[in-house]
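Residue strings, one per chain:
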Amino acid sequence: MALLVQKFGGTSVGSVERIEAVADRLCRSRNDGHDVVVVVSAMSGETNRLIALANDIMEEPTPREMDVLVSTGEQVTIALLSMALQKRGCEARSYTGSQVRILTDSAHTKARIQDIDERNMRGDLDKGRVVVVAGFQGVDEHGNITTLGRGGSDTTAVALAAALKADECQIYTDVDGVYTTDPRVVDAARRLDRITFEEMLEMASLGSKVLQIRAVEFAGKYNVPLRVLSSFKEGEGTLITFEDESTMEQPVVSGIAFNRDEAKLTISGVPDTPGIALRILKPVSDANIEVDMIVQNVGADNHTDFTFTVHRNDFRRTREILDKLASELGAREVAGDDRIAKVSIVGVGMRSHAGVATRMFEALSNEGINIRMISTSEIKISVVIDEKYLELAVRALHSAFELHTAESEAR
Ligand code: ADP
Ligand code: ASP
Ligand code: MG
């Protein structure tokens, strides 16, 4: 008998029939003798629908009211799922984030969890109930509703598992595990039985939305056993492991992540003097805009070019900042491109293999894909390319690093 935290994403609770199917699965877990805390997302499409309603009223609604609005999606599913469980004779009780008391900071729309009071949940578990918790939401110290950022129900689940010292946190979704790359983009993508925590963290931060980054961070910090599996079919899914990778035989590359959410800006002909990076990037960070990749070219004639990427939603604002700065600095030009994509190869095996970058560049060059920026770390290499080549690039890299399935090889 184990204590399990099971999270079901939007598609898994996307209709009454699916909610009933989740209830069947939970009753089976109960009948097997497990204690279960279940975290649910809003029904699929609901969070987007609520955001669109707000945007019909104004372009930039206040974050506090946004949280009041978008948190309603999850409140619907906890009630419906609890009813479906009760109909099956399985005792259940729903909780909003604030009723559990998932305490967060006050950073509306991207709040961080600070503390979880597990007493109410424990009380219900002791009485044999299934505890049904709304994902994605919490409450700040002043009683305001907060949310944890898109995909935040994953983080709720892992945080509850940490607080309750659960035996496993199981993320049920619409794919049967973590794949070598998004299986919706590459047919030949292969499910991984295991992936190291470090690799999962890179994959999530480089754009694989199968798990929210903070959920992976939380799992690492509190050593939460984490598994991704399908709501629709049986299977072991993918286990995120913490064991020392050096003892295991590792492939050079474990997965490919990509991200279409970025935009690139270049300010050229700026004076090549100490402090220039600060002059350019400080006003950007003061405007609360996060910068990802940065490249400064070798200067000539005491002038240089500076290129960096930001989230695509921040493109227009960043460009305005740079235009203003360009006249102050006497820069030659500001250029921008919001039709780029970032593709990354990830693998702890890179540590012990040389020539990985060359193999990556060769695969892209064979397809005639121009690399616009490059950045590397110990276990990943990322390149920025034109968005229109994204799928081609991912497929080319997938086969260059031999990540495909045995069946696709036979084809
Ligand atoms: P949920 O609503 O259950 O939270 P998400 O849509 O957030 O589901 O995450 C699951 C999706 O993540 C899959 O449908 C898949 O398209 C996408 N995905 C991206 N990269 C990967 C990957 N490497 N492995 C598996 N799924 C991936
Ligand atoms: N419903 C929220 C979203 O769509 C949270 C989640 O699904 O994890 O982002
Ligand atoms: Mg998700």
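What you see is a predicted model; the values in this text were computed from it and never measured. (Residues numbered from 1 in each chain as written. Chains lettered and ligands numbered in written order. Predicted model: local features only at pLDDT ≥ 70, side-chain atom pairs only at ≥ 80, totals over all residues. Heavy atoms only, no water.)

> Any chance you could explain the overall build of the protein chain here in plain terms?
Scanning the protein chain for helices and strands turns up 14 helices and 20 strands. When the backbone C-alpha atoms are referred to their principal axes, the protein chain occupies close to 80 × 55 × 35 Å. Residues classed as buried in the protein chain amount to 52% of the 411 residues present. Total accessible area computed for the protein chain in this model is approximately 19400 Å², and 47% of it derives from carbon and sulfur atoms. Computed over 47 positive and 63 negative side-chain charges, the separation of the two mean positions in the protein chain equals 3 Å. (Helix = DSSP H or I, 4+ residues; strand = E, 2+ residues; numbered from the N terminus. Buried < 20%, exposed > 50% of the residue type's maximum accessible area, 1.4 Å probe, protein only. Areas by Shrake-Rupley, 256 points an atom, 1.4 Å probe, with all protein chains shown as cover. Lys, Arg positive; Asp, Glu negative; His and termini not counted. Charge placed at Lys NZ, Arg CZ, Asp CG, Glu CD.)

> Before we go on, may I ask you to explain the UniProt feature "domain: ACT" (unreviewed entry) in the protein chain in this structure?
With numbering matched to this structure, UniProt assigns "domain: ACT" (unreviewed entry) to residues 265-339 and 345-411. Split by type, residues 265-339 is 35% helix and 36% strand. Its first and last C-alpha atoms lie 11 Å apart. (UniProt positions renumbered as here; feature names shortened; annotations may be inferred.)

> What exactly am I supposed to notice about the pairing of strand β12 (residues 238-241) here?
Every other side chain in a regular strand lies on the same face of the sheet, so the side chains alternate between the two faces. Judged by which residues are buried, β12 turns out to be covered on both faces: T238 and I240 on one side and L239 and T241 on the other are all buried. Inspection of the sheet shows strand β11 (residues 226-230) paired to β12 by 3 bridges, in the antiparallel sense. What sits directly across from L226, in β12, is I240. (Pairing = 2+ DSSP bridges.)

> In this structure, what is going on with the sheet that holds strand β17 (residues 333-337)? I would like to understand it.
Within a sheet, adjacent strands bond to each other through the backbone by hydrogen bonds, running parallel or antiparallel. Taking strand neighbours across the sheet as the criterion, the 4 strands line up as β15-β16-β14-β17 in an open arrangement whose pairing is antiparallel. Bordering the open sheet on either side are β15 (291-296) and β17, each of which pairs with just one other strand. For this sheet, the mean angle separating the axes of adjacent strands, direction not counted, is 15°. Of the strand pairs in this sheet, strand β14 (residues 262-271) and β17 are connected by 5 bridges, and their pairing is antiparallel. Bridging across to β17, S268 finds its partner in E333. Packed on one face of the sheet, helix α10 (residues 276-286) meets β14, β15 and β16 (303-311) and runs near 25° to β16. This element, helix α11 (residues 315-329), spans β14, β16 and β17 of the sheet and lies at about 0° to β14. (Axes fitted to C-alpha atoms, helices over the stretch in contact; angles between N-to-C directions. Contact = heavy atoms within 4.5 Å.)

> Please explain the environment of R194 as it appears in this structure.
For R194, the location among the structural elements is in strand β10 (residues 194-196). Residues R194 and S44, spaced 150 residues apart in sequence, show a C-alpha to C-alpha distance of 27 Å. The contacts of R194, once residues within four sequence positions are left out, are T238, L239, T241 and E243.

> Would you mind going over the side chain of R227 with me for this structure?
Residue placement: R227 occurs in strand β11. For R227, the side chain forms a polar contact with the main-chain oxygen of E236, separated by 2.8 Å. For R227, the contacting residues outside a window of four places in its chain are E168, C169, Q170, I171, E236, T238 and L239. (Polar contact = N/O pair within 3.5 Å; in protein donor to acceptor, adjacent residues only side chain to side chain.)

> Help me understand the site of ligand 1 in this model?
Around ligand 1 sit 17 residues, and of these T173, D174, Y179, D182 and R184 come closest. Measuring from an oxygen atom of ligand 1, one finds a side-chain N or O atom of D174 at 2.8 Å. Here D182 contributes a side-chain N or O atom positioned 2.9 Å from an oxygen atom of ligand 1. For ligand 1, whose accessible area on its own is 570 Å², the fraction buried by protein is 84%. Partitioned by chemical class, the residues of the shell around ligand 1 number 6 nonpolar, 6 polar and 5 charged. (Near = heavy atom within 4 Å. Nonpolar A, V, L, I, M, F, W, Y, C, P; charged D, E, K, R; others polar.)

> When you look at the site of ligand 2 in this model, what are you seeing that I'm missing?
In the vicinity of ligand 2, the contacting residues are S41, T47, E74, F136, R150, G151, G152 and S153. Within the contact set of ligand 2, a nitrogen atom lies 2.7 Å away from a side-chain nitrogen or oxygen of E74. Between S153 and ligand 2, the recorded distance is 3.0 Å, taken from a backbone N or O atom to an oxygen atom. In the complex, 86% of the free accessible area of ligand 2, which totals 270 Å², lies under the protein chains.

> Is there a simple way to think about the environment of V175 in this case?
If you trace the backbone, V175 turns up in the loop between β9 (168-173) and β10. With residues near it in sequence (within four places) discarded, V175 still touches P183, R184, V210, L229 and S230.

> Which parts of the structure should I look at to understand the sheet that holds strand β19 (residues 373-377)?
Pairing is antiparallel across the open sheet formed by 4 strands, whose spatial order is β13-β18-β20-β19. Here the strands that pair on one side only, and so sit at the sheet edges, are β13 (255-259) and β19. This sheet shows a mean twist of 20° between the axes of neighbouring strands, independent of strand direction. With 5 bridges joining them, β19 and strand β20 (residues 380-386) adopt antiparallel strand pairing. In the sheet register, S375 faces β20, and the bridge partner there is S382. Here helix α12 (residues 356-366) sits on the sheet in contact with β18 (340-346), β19 and β20, set at roughly 20° to β20.

> Would you mind showing me how to read the nonpolar core here?
Nonpolar side chains in soluble globular proteins generally cluster together in the buried interior. By size, the foremost hydrophobic cluster in this structure holds 44 residues, and its most contacted members are V5, V37, M121, V133 and C169. When residues of this core are assigned to their parent elements, the largest contribution, 7 residues, is made by helix α7 (residues 153-164). Core analysis: the next-biggest nonpolar cluster, separate from the first, contains 27 residues, Y179, F258, V394 and L397 among them. (Core = buried A, V, L, I, M, F, W, Y, C linked by side-chain atoms within 4.5 Å.)

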